[in-house]
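Next come the chains, spelled out residue by residue.
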Amino acid sequence: MKTPIGIFDSGYGGLTVFAAIAELLPQYDYVYLGDNARAPYGNRSFETIHQYTLQAIKWLFDKGCPLVVLACNTASAKALSELQQQDLPCIAPENRVLGVIRPTAEIIGNYTSTGHIGILGTKGTIASGAYKVEIHKFFPDLQVHSQACPLWVPLIETNEYTQPGAQFFIDKYLEALLSQHSAIDVLLLACTHYPLLIPHIRQYTGNAIKVVAQGGIVAHSLADYLHRHPEMETRLTTNGTAQFYTTDDPTDFNTHATLFYGKPITAMGAHLS
Ligand code: DGL
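Just so you know, these numbers come straight off a predicted model, no measurement behind them.

Peer 1: Describe the layout of surface pockets, naming the residues involved and giving the relevant values.
Peer 2: If you add up the space inside the largest pocket, you get close to 830 Å³. Surrounding the largest pocket, 37 residues form its lining, Leu80, Gln84, Gly99, Arg102 and Pro103 being those nearest its centre. Looking at the lining of the largest pocket, the elements that each hand over two or more residues are helix H3 (73–78), helix H4 (80–91), strand S4 (96–98), helix H5 (101–108), helix H7 (130–138) and helix H11 (215–228). Per-element accounting of the lining of the largest pocket gives the leading share, eight residues, to H11. Tallied by class, the residues present in the lining of the largest pocket amount to 19 nonpolar, nine polar and nine charged.

What follows is the structure, encoded as structure tokens:
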């Protein structure tokens, strides 16, 4: 029987994180679940995101995953602490759920020379304040500026971001963030979709500002976690397989997913309850 690592996202975006994880740790088995039928999560309430994420975690546990990575900033910001503190002890005390915010917060302060960073994320992630709280645990003096970008996920999912008019909506949020302080020298892409926009972001910022995506950070953090937790590492099987599931139409998922994962994918349907 396989005991894979579960990777969960509201839809496609987590594939940018999973691609980095699979590259760094190809030996493990993985099950990726995208809740495309109910995505995007970005504008939804705490209660709804918690309920949806809990259903997804249970589904992945039922698939045999003892460890699940929430490869979604919105779910990590709004559901992870409740899942870890209240739900896990009741439903599966031996299992673990990791998010993407803490590993990013642990390291982001090392990228800046000025001590000012800018964070771009969904409305839910930014409104939760989760990044500021976590970053200040590791870098108490860091000045954290943030900006919600509610139009970016729809622009990417509809593939409109490559059209000429899209640059206006990309620049709009960058201007709003960078005008908060002239010393911002790092932009953290705190949404799994945003790495697709890097060339367009650079068009606005040039090379003077560092643009940081999370995939590599989360992958290295997972490797470190497994190294520090042999009791979990030895529960995982290592056949190098990956299975993909979506709560929406798998054919549609396959068409869009390549853009995020960088390789063709054949997904299966999943029903969460
Ligand atoms: N995956 C989500 C995130 O990283 C973005 C998409 C959504 O809003 O569901 O925040």
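We are not done yet, so read on.
Peer 1: Pulling in residues and values, what's your account of H4?
Peer 2: Taking 1.5 Å per residue as the helical rise, H4 with its 12 residues ought to reach 16 Å, whereas the 15 Å between its terminal C-alpha atoms falls clearly short. The complete set of buried residues in H4 reads Leu80, Leu83, Asp87 and Leu88. For H4, the angular spread of buried residues about the axis comes to 100°, placing them on one side. In H4, the exposed positions that point more than 90 degrees away from the buried face belong to Gln85 and Cys90. Of the surrounding secondary structure, the elements contacted by the buried residues of H4 are helix H2 (46–62), strand S3 (67–70), H3 and S4.

Peer 1: Outline the packing of aromatic side chains, listing residues and values.
Peer 2: This model, assessed by the stated rule, comprises 15 aromatic pairs. Measuring from centroid to centroid gives 6.4 Å for Tyr32 and Phe253, while their planes differ by 40°, and the two rings are tilted. Here Phe253 lies in helix H13 (residues 250–261) and Tyr32 lies in strand S2 (residues 30–34), a separation of 221 residues in the sequence. For Tyr32, a relative accessible area of 0% translates into the label buried. A residue is classified by how much of its surface remains accessible, and Phe253, at 1% relative accessible area, is buried.

Peer 1: Requested: an account of helix H9 (residues 166–178), with residues and values cited.
Peer 2: When the terminal C-alpha atoms of H9 are compared, their 19 Å separation across 13 residues agrees well with the 18 Å that a helix rising 1.5 Å per residue should span. Taken residue by residue, H9 has Ala166, Gln167, Ile170, Tyr173, Leu174, Leu177 and Leu178 as its buried positions. When H9 is viewed along its axis, its buried side chains cluster within an angular range of 140° and face the same direction. In this structure, the buried residues of H9 make contact with strand S5 (116–121), strand S6 (143–148), helix H8 (152–157), strand S7 (186–189) and helix H10 (198–205).

Peer 1: Describe the pattern of salt bridges, and please don't skip the residues or the numbers.
Peer 2: Under the counting rule described, the total for this entry stands at five salt bridges. With a shortest N-O distance of 2.8 Å, Glu134 and Lys137 are connected by a salt bridge. Here Lys137 and Glu134 lie together in helix H7, a separation of three residues that amounts to about one turn. Two residues, Asp224 and Arg228, come together in a salt bridge whose shortest N-O distance is 3.0 Å. Note that Asp224 and Arg228 are positioned in helix H11 at a spacing of four residues, about one turn of the helix. Residue classification places Asp224 among the partly exposed positions, given a relative accessible area of 39%.

Peer 1: If you had to explain the side chain of Arg38 to someone new, which residues and values would you point to?
Peer 2: Inspection of the secondary structure puts Arg38 in the loop between S2 and H2. Residue classification places Arg38 among the buried positions, given a relative accessible area of 17%. Excluding residues that lie within four positions of it along the chain, Arg38 makes contacts with Arg44, Tyr52, Gln55 and Leu272.

Peer 1: Give a detailed account of the site of the ligand, specifying residues and quantitative values.
Peer 2: Residues in close proximity to the ligand total 13 residues, the closest being Asp9, Ser10, Tyr41, Gly42 and Thr74. A distance of 2.8 Å separates an oxygen atom of the ligand from a polar backbone atom of Gly42. Asn73 is positioned such that a nitrogen or oxygen atom in its backbone is 3.0 Å from an oxygen atom of the ligand. Mapping the ligand onto the cavity grids shows that it belongs to the second largest pocket. When its residues are assigned to classes, the shell around the ligand shows five nonpolar, seven polar and one charged.

Rules used in this analysis
- Residues numbered from 1 in each chain as written.
- Predicted model: local features only at pLDDT ≥ 70, side-chain atom pairs only at ≥ 80, totals over all residues.
- Heavy atoms only, no water.
- 1 Å grid on protein atoms, 1.4 Å probe; cavity = no way out; pocket = protein on both sides within 12 Å on 5 of 7 lines; lining within 4 Å.
- Points joined across faces, edges and corners; volume = space filled by probe spheres on them.
- Helix = DSSP H or I, 4+ residues; strand = E, 2+ residues; numbered from the N terminus.
- Nonpolar A, V, L, I, M, F, W, Y, C, P; charged D, E, K, R; others polar.
- Expected span 1.5 Å × (residues − 1).
- Buried < 20%, exposed > 50% of the residue type's maximum accessible area, 1.4 Å probe, protein only.
- Arc of directions from axis to C-beta.
- Contact = heavy atoms within 4.5 Å.
- Phe/Tyr/Trp six-rings, centres within 6.5 Å; stacked < 30°, edge-to-face > 60°.
- Salt bridge = Lys/Arg side-chain N within 4 Å of Asp/Glu carboxyl O.
- Near = heavy atom within 4 Å.
- Polar contact = N/O pair within 3.5 Å; in protein donor to acceptor, adjacent residues only side chain to side chain.
- Sits in = over half its atoms within 2 Å of the grid points.

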